[in-house]
Amino acid sequence: MLNYAFRRMLIGVPTLLLISLVVFALIKLAPGDPLSEMPLTIPSEVREKMRAALGVDQPLIVQYLLWLKQLLIVEPIHTFDALFGTHFADEMQRIISWQTRSPVFAIITQRLPQTLWVVGLAYVVGVLIALPLGILSAYKQYSIFDQLSTFLSMVGIAVPSFFSGVLAILIFAVYLNWLPSIYDTNLVVDGWGSFFDQVRQMVMPVMVLAVQTTAQISRYLRSSMLDNLGQDYVRTARAKGMSEPQVVFIHVLHNSMIPVITIIALGLPGIFGGAIVTEQIFKVNGIGHLLITSIYANDVPMVQTLLFIFAVLIVAFNLIADLLYGVLDPRIRYD
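One numbering rule holds for all chains: residues counted from 1, following each sequence as written. Restriction of local features to residues with pLDDT of at least 70 applies here, the model being predicted, together with a cutoff of 80 or more for giving and counting side-chain atom pairs; totals for whole chains, interfaces and linings are based on all residues. Only heavy atoms go into the side-chain values, all of them from the structure, while hydrogens and water stay out.

Participant: I'd love a proper account of the overall build of the chain, names of residues and values included.
Facilitator: Numbered from the N terminus, helices here are DSSP runs of H or I no shorter than four residues, and strands are runs of E no shorter than two. A count of helical and extended segments in the chain gives 13 helices and 0 strands. Start at the N end of the chain and walk to the C end: the helices and strands fall as α-α-α-α-α-α-α-α-α-α-α-α-α. Taken along the three principal axes of its C-alpha coordinates, the chain extends 85 × 60 × 40 Å. Counting over 335 residues, the chain shows a buried share of 40%. A simple rule labels every residue: compare its accessible area, found with a 1.4 Å probe on the protein chains alone, to the largest value its type can have, and call it buried under 20%, exposed over 50%, or partly exposed in between.

Participant: So what about the pattern of salt bridges? Which residues, and what values?
Facilitator: A side-chain nitrogen of Lys or Arg and a carboxyl oxygen of Asp or Glu constitute a salt bridge if their distance falls within 4 Å. Per the counting criterion, the structure on display carries 4 salt bridges. Measuring nitrogen to oxygen at the nearest pair gives 3.0 Å for the salt bridge that ties E75 to R94. Taken together, the residues E75 in helix α3 (residues 60–84) and R94 in the loop between α3 and α4 (104–139) connect sequence positions 19 residues apart. Assessed through its relative accessible area of 4%, E75 is described here as buried.

Participant: Report on α3, specifying residues and quantitative values.
Facilitator: Expected helix span is given by 1.5 Å per residue-to-residue step, counting one fewer step than there are residues. In a regular helix each residue adds 1.5 Å, so 25 residues correspond to 36 Å; α3 covers 35 Å between its end C-alpha atoms and thus fits that length. We define the bend at each residue as the angle formed by axes fitted to the 7 residues ending at it and the 7 residues starting at it. The sharpest bend along α3 comes to roughly 35 degrees, located at Q70. Of all the residues in α3, the buried ones are Q63, Y64, W67, L68, Q70, L71, V74, E75 and D81. Against α1 (2–29), α4 and α13 (300–328) lie the buried residues of α3. Phi for G85, located one or two positions after α3, is positive at around 75 degrees. The contact criterion used is simple: two residues touch if any of their non-hydrogen atoms lie within 4.5 Å.

Participant: Just give me the short version of the packing of α4 against helix α7 (residues 192–229), but keep the residues and values in it.
Facilitator: Where α4 meets α7, the axes come as close as 6 Å, and the angle between the chain directions of the two elements is 35 degrees. Every pair of crossing elements has a handedness; the one defined by α4 and α7 is right-handed. A breakdown of the residues in the contact of α4 with α7 according to their chemical character gives 25 nonpolar, 6 polar and 2 charged. Lines are fitted to the C-alpha atoms to define the axes, a helix being fitted only along its stretch in contact, and any angle between axes, read from their N-to-C directions, falls within 0 to 180 degrees. Helix crossings fall into two classes, left-handed where the near helix is turned counterclockwise from the far one by less than a right angle and right-handed where it is turned clockwise. Charged residues are taken to be Asp, Glu, Lys and Arg, nonpolar residues to be Ala, Val, Leu, Ile, Met, Phe, Trp, Tyr, Cys and Pro, and polar residues to be all remaining types, Gly included.

Participant: Kindly report on a nonpolar patch on the surface, identifying the contributing residues and their values.
Facilitator: Like-charged residues within 9 Å of one another, or nonpolar side chains (Val, Leu, Ile, Met, Phe, Trp, Tyr) within 5 Å, are grouped into patches, provided each residue has over 30% relative accessible area and no salt bridge. The Shrake-Rupley method, run with a 1.4 Å probe sphere, supplies the accessible areas, and residue values consider only the shown protein chains as cover. Among the surface-exposed residues, F162, F163, V166, L167, L170, I171, V174, Y175, L176, W178 and V277 lie close enough to one another that they form a single nonpolar patch of about 1,100 Å² accessible area. Considering each element in turn, the nonpolar patch owes the most residues, 8 residues, to helix α6 (residues 161–175). Position of I171 among the secondary structure elements: in helix α6.

Participant: Run through the environment of I169, naming residues and quoting values.
Facilitator: With respect to the secondary-structure elements, I169 resides in helix α6. Overall, the relative accessible area of 15% leaves I169 in the buried class. Residues I169 and G286 lie 117 residues apart in sequence; the distance between their C-alpha atoms is 19 Å. When residues no more than four places from it in sequence are discounted, the contact partners of I169 are V174, S181, M204, I281 and F282.

Participant: Go over the packing of aromatic side chains with me, naming the residues and quoting the values.
Facilitator: Within 6.5 Å between ring centres, the rings of Phe, Tyr and Trp (the latter by its six-membered ring) count as paired, and their orientation is classed by plane angle as stacked under 30 degrees, edge-to-face over 60, tilted in between. Under the definition given, this model contains 9 aromatic pairs. Relative to F196, the ring of F195 lies with its centre 5.7 Å away and its plane at 65 degrees, an arrangement referred to as edge-to-face. Classification of F195 as partly exposed rests on a relative accessible area of 37%. The structure contains a cluster of three or more aromatic residues connected by ring pairs, namely F24, Y64, W67 and F308.

Participant: Account for α6, naming residues and giving values.
Facilitator: The first and last C-alpha atoms of α6 sit 20 Å apart over 15 residues, in line with the 21 Å expected at 1.5 Å per residue. Listed in full, the buried residues belonging to α6 are S161, S164, G165, A168, I169 and A173. Looking at the buried positions of α6, the neighbouring elements they touch are α7 and α11 (276–282). Where α6 ends, the next residue or the one after it, N177, has phi of about 55 degrees, a positive value.

Participant: Outline the confidence of the model for the chain, supporting the account with residue identities and numerical values.
Facilitator: Looking at the chain as a whole, its pLDDT mean stands at 83, while 93% of the residues score no less than 70. Element-level mean pLDDT values for the chain span from 69 in helix α10 (residues 269–273) up to 89 in helix α5 (residues 144–158). As a per-residue measure, pLDDT tells how confident the predictor is, with possible values from 0 to 100.

Participant: Requested: an account of unusual backbone geometry, with residues and values cited.
Facilitator: The residue Y142 is not glycine, and still its phi comes out positive at about 65 degrees. Inspection of the secondary structure puts Y142 in the loop between α4 and α5.

Participant: So what about the side chain of Q63? Which residues, and what values?
Facilitator: With respect to the secondary-structure elements, Q63 resides in helix α3. Apart from residues no more than four positions distant in its own chain, Q63 is found in contact with F24, K28, G55, V56 and Q58.

Participant: How would you summarise the packing of α4 against helix α12 (residues 287–296) if you had to cite specific residues and measurements?
Facilitator: Between α4 and α12, whose axes approach to 8 Å, the crossing angle comes to 130 degrees. Here α12 runs oblique to α4, going by the angle between their axes. Along the contact surface, α4 presents I107, I108, R111, L112 and T115, while α12 presents I287, G288, H289 and L290. Working definition: roughly parallel below 35 degrees, roughly antiparallel above 145 degrees, roughly perpendicular at 65 to 115 degrees, and oblique for all remaining angles.

Participant: How would you explain the environment of V62 if you had to name every residue and give the values?
Facilitator: Within the fold, V62 resides in helix α3. Overall, V62 belongs to the partly exposed group, its relative accessible area being 38%. With 26 residues separating them along the chain, V62 and F88 place their C-alpha atoms 24 Å apart.

Here is the structure:
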């Protein structure tokens with residue numbers, strides 16, 4: 001398994017480099033100028049000096065190699081300095097956001113907790129609800145519970161988050177006045193009162209995101225469970241006198257989780273990408289909101305870095321999903 005993981009990581013490195021180059025080229029070829037929001041009264045020679053300071057006057061390949069050097073060498077050294085109090089990266093130029101003139105990774109570090117709290121919690125809640133829902137729907141096929149679960153799952157998959165988010169705001173914030181419509185990122189939890197305020201403002205975005213996660217994973221698990229419930233090994237287990245919980249949870253669920261693992265693992269990078277639409281609706285100042293504002297501002301370093309991080313997470317969790325197959329199914333070998 002270790003050899004397989006090492007080979008996959010070796011393949012992943014050129015894949016990520018190719019992705020980063022393509023994304024960088026597409027962003028640079030898109031219309032827009034990092035100085036477009038600057039006053040028009042700035043003299044042309046000053047504007048050219050500003051462009052030179054940002055490095056946008058260099059050829060495309062030079063800009064890409066500079067960004068790659070900063071990402072793979074300068075930023076790790078700066079992180080090492082921050083952890084151990086050294087000063088190796090003092091004279092090195094970090095990746096700077098064109099929009100805020102601040103280091104890109106410093107901004108990402110500030111925004112990441114908001115995304116993990118809201119989107120991460122929504123994903124965990126969605127998975128925890130989806131697993132028993134999918135199991136019961138498959139075991140009680142065509143029952144009232146299964147039909148109701150299927151209907152709600154189809155609604156959850158079909159209704160986009162920008163519609164369900166606005167609908168939740170209208171019902172719970174406008175009409176009932178139970179929950180705040182805007183997420184307060186400046187709220188500091190320092191007591192029970194502020195803790196309940198934090199919970200109240202997280203309910204709607206978590207609920208909107210968890211519905212989609214629950215609907216998708218429960219449908220995959222139900223389909224996989226139904227495929228395994230009719231297999232010969234299930235009839236053999238029952239003929240040996242095993243109880244229904246043992247048959248369902250030990251044998252059927254164990255084998256049914258193999259395809260579901262892919263859905264769960266590949267959905268995890270979305271936590272760090274943030275639910276872009278949902279963060280926009282509820283004004284959650286997370287990674288997804290940062291990506292949208294950076295695209296509007298033509299902030300190439302920020303957009304490029306965020307997209308590269310998302311690509312790394314997708315490749316990493318894809319590898320984790322493949323390795324988990326061998327844990328769940330001993331027949332799978334990586335030799």
